Amino acid sequence: NAGVTQTPKFQVLKTGQSMTLQCAQDMNHEYMSWYRQDPGMGLRLIHYSVGAGITDQGEVPNGYNVSRSTTEDFPLRLLSAAPSQTSVYFCASSSGTQNSPLHFGNGTRLTVT
Amino acid sequence: AQTVTQSQPEMSVQEAETVTLSCTYDTSESDYYLFWYKQPPSRQMILVIRQEAYKQQNATENRFSVNFQKAAKSFSLKISDSQLGDAAMYFCAHPGGYGQNFVFGPGTRLSVLP
């Protein structure tokens, strides 16, 4: 019963490098999302998807790209890493109904130097 | 825009005592859900409890209960008989339309003193 699988757990990048955070869920959830967590700011929505082929921006989308080619996978791409993107990133999914909680991956701690 | 406020950045409680974490929110919806999540040092996000705004009765899950005041848009979490394992960050969250796009409060860090 894997739930939401997110990789890697830790990553260090230099400014300007690119990388992809992987996220996969096995619960057949239509809704998937990426959040970043910064001290004192809670979790803020980066991008989300309501189904394969459909993505949209959240509160803090700049510097990030997403795609949703399958129901299971929702990768997050950092195009050119900046120190301001140092954060903890969470992938989450839900069935999208009003009473459904978010199911989270275990998070990625990203440091950009 | 929906907002969630947690006015207590840090709280502490003695083991076996009771503590209440505060949360207020803003929404224009009439029926909605509210959630509390726990984040221990492991970083994992764990669902603690959920409340449907349409229901008058406050939700309860073992030692965790809520005090939901719809008119005041207040959704506090009460932890009874606090245990060392309750030490964590606690986030109040309100999903947006159709149960998507959760908005989270800034969190309250709870310490449990032996």
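Our subject in this report is the structure included herewith. Values in this document were obtained by computation on a predicted structure and should not be read as measured data. Once a new chain begins, its residue numbering starts again from 1 and follows that chain's sequence as written. Chain letters start at A and ligand numbers start at 1, both assigned in the order the entries are written. Reporting of local features is limited, given that this is a predicted model, to residues whose pLDDT is at least 70; pairs of side-chain atoms are given and counted only at 80 or more, and all residues count toward the totals for whole chains, interfaces and linings. Just so you know, side-chain values use all the structure's heavy atoms and leave hydrogens and water out.

A closer look at the sheet that holds strand β3 (residues 19-25) of chain A
Sheet strands line up and pair through hydrogen bonds in the backbone, either parallel or antiparallel.
Residues and elements named next belong to chain A.
So, point 1. A sheet is described by the order of its strands in space; here four strands give the open sequence β1-β3-β8-β7, paired in antiparallel fashion. Strands at the two margins of the open sheet, each flanked by one partner only, are β1 (4-7) and β7 (64-66). Sheet twist, expressed as the average angle between the axes of neighbouring strands with direction ignored, equals 15°. Should DSSP find at least two bridges between two strands, the strands are taken to pair. The numbering of helices and of strands both runs from the N terminus, where a helix is a DSSP run of H or I of at least 4 residues and a strand a run of E of at least 2. The angle between two axes is taken between their N-to-C directions and runs from 0 to 180 degrees, where each axis is a line fitted to C-alpha atoms and a helix contributes only its stretch in contact.

Comments concerning the side chain of Ser65 of chain B
Residue and element names in this part refer to chain B.
So, point 1. Within the secondary structure layout, Ser65 lies in strand β8 (residues 64-69).
So, point 2. Exposure categories follow from relative accessible area, calculated using a 1.4 Å probe and restricted to protein chains: below 20% of the type maximum is buried, above 50% is exposed, and the middle band is partly exposed. Exposure remark for Ser65: the relative accessible area of 15% places this residue in the buried category.
So, point 3. Only heavy atoms matter for contacts: two residues are in contact if any of them lie within 4.5 Å across the pair. Apart from the residues within four sequence positions on either side, Ser65 is in contact with Ile49, Ala59, Thr60, Ser76, Leu77 and Lys78.

Points about the packing of aromatic side chains
So, point 1. Stacked, edge-to-face and tilted are the three classes for Phe, Tyr and Trp ring pairs, Trp counted by its six-membered ring, which pair at centre distances within 6.5 Å; planes under 30 degrees apart are stacked, over 60 edge-to-face, the rest tilted. Throughout the structure, instances matching the rule amount to 15 aromatic pairs over all chains.
So, point 2. Residues Tyr35 of chain A and Phe104 of chain B carry aromatic rings whose centres are separated by 5.4 Å and whose planes lie at 85° to one another, so their mutual orientation is edge-to-face. In this pair, Tyr35 of chain A is assigned in strand β4 (residues 31-38) and Phe104 of chain B in strand β11 (residues 103-104), connecting two distinct chains. Considered together, Tyr35 of chain A and Phe104 of chain B belong to a single accessibility category, that of buried residues.
So, point 3. Ring pairing ties together the aromatic residues Tyr35, Phe90 and Phe104 of chain A together with Phe35, Tyr37, Phe91, Phe102 and Phe104 of chain B, which thus form one cluster.
So, point 4. Placement of a positive charge over a ring is assigned whenever Lys NZ or Arg CZ falls within 6 Å of the ring centre and within 35 degrees of the normal to the ring plane. Positioned above the aromatic ring of Phe74 of chain A, the side-chain terminus of Arg68 of chain A is 6.0 Å from the ring centre.

A few points about the side chain of Thr108 of chain B
All names here are of chain B.
So, point 1. Note that Thr108 resides in strand β12 (residues 108-113).
So, point 2. Judged by relative accessible area, which is 0%, Thr108 ranks as buried.
So, point 3. Here a polar contact is recorded for every N or O atom pair within 3.5 Å, except that within protein the pair must consist of a potential hydrogen donor and a potential acceptor, and residues adjacent in sequence are included only if both atoms are side-chain atoms. Within the structure, Thr108 has its side chain in polar contact with the backbone oxygen of Gln8 (distance 2.6 Å).
So, point 4. Each residue touching Thr108, except ones within four places of it in the same chain, is listed here: Gln6, Gln8, Pro9, Glu10, Met11, Leu21, Ala88, Met89 and Tyr90.

Quick word on the nonpolar core
So, point 1. Ranked by size, the top nonpolar core spans 24 residues in total, and within it Trp36, Phe75, Leu77, Tyr90 and Leu110 of chain B carry the most contacts.
So, point 2. Apart from residues no more than four positions distant in its own chain, Phe75 of chain B is found in contact with Cys23, Tyr25, Leu34, Phe35, Trp36, Gln51, Val66, Asn67, Phe68 and Cys92 of chain B. Grouping buried Ala, Val, Leu, Ile, Met, Phe, Trp, Tyr and Cys residues that are joined through side-chain atoms within 4.5 Å yields what is termed a nonpolar core.

Examining the state of the cysteines
So, point 1. In this description, the term disulfide denotes a pair of cysteine sulfurs within 2.5 Å. Evaluated as defined, the whole model comprises two disulfides over all chains.
So, point 2. Here Cys23 of chain A engages in a disulfide with Cys91 of chain A; their sulfurs sit 1.8 Å apart. Its torsion about the S-S bond being -70°, the disulfide of Cys23 of chain A and Cys91 of chain A is classed as left-handed. One end of the pair, Cys23 of chain A, is in strand β3; the other, Cys91 of chain A, is in strand β9 (residues 87-94), with 68 residues separating them in the sequence.
So, point 3. Given a relative accessible area of 0%, Cys91 of chain A falls into the buried group.
So, point 4. What pairs with Cys23 of chain B in a disulfide is Cys92 of chain B, and their sulfur atoms sit 2.0 Å apart. Classification of the bridge connecting Cys23 of chain B and Cys92 of chain B rests on its S-S torsion, roughly -65°, and on that basis the disulfide is left-handed. You can see Cys23 of chain B sitting in the loop between β3 (19-21) and β4 (24-26) and its partner Cys92 of chain B sitting in strand β10 (residues 88-94), a full 69 residues away along the chain.
So, point 5. Its relative accessible area of 1% is what places Cys23 of chain B among the buried residues.

A few points about the interface of chain A and chain B
So, point 1. Tallying the contact residues gives 27 residues for chain A and 22 residues for chain B.
So, point 2. In short, buried area is how much 1.4 Å probe accessible area vanishes from two parts on joining, totalled over both. Between chain A and chain B the total buried area reaches about 1900 Å² when both faces are included, carbon and sulfur atoms providing 53% of it.
So, point 3. In the sections that follow, a salt bridge refers to a side-chain nitrogen of Lys or Arg positioned within 4 Å of a carboxyl oxygen of Asp or Glu. Seen at the junction of chain A and chain B, the total is zero salt bridges.
So, point 4. Broken down by secondary-structure element, the contributors of at least two residues to the side of chain A that touches chain B are β4, β5 (42-51), β9 and β11 (108-112) of chain A.
So, point 5. With five residues, β5 of chain A is the largest single contributor of residues to the side of chain A that touches chain B.
So, point 6. In the side of chain A that touches chain B, the residues fall into 13 nonpolar, twelve polar and two charged. Residues are grouped as follows: Ala, Val, Leu, Ile, Met, Phe, Trp, Tyr, Cys and Pro are nonpolar; Asp, Glu, Lys and Arg are charged; all remaining types, including Gly, are polar.

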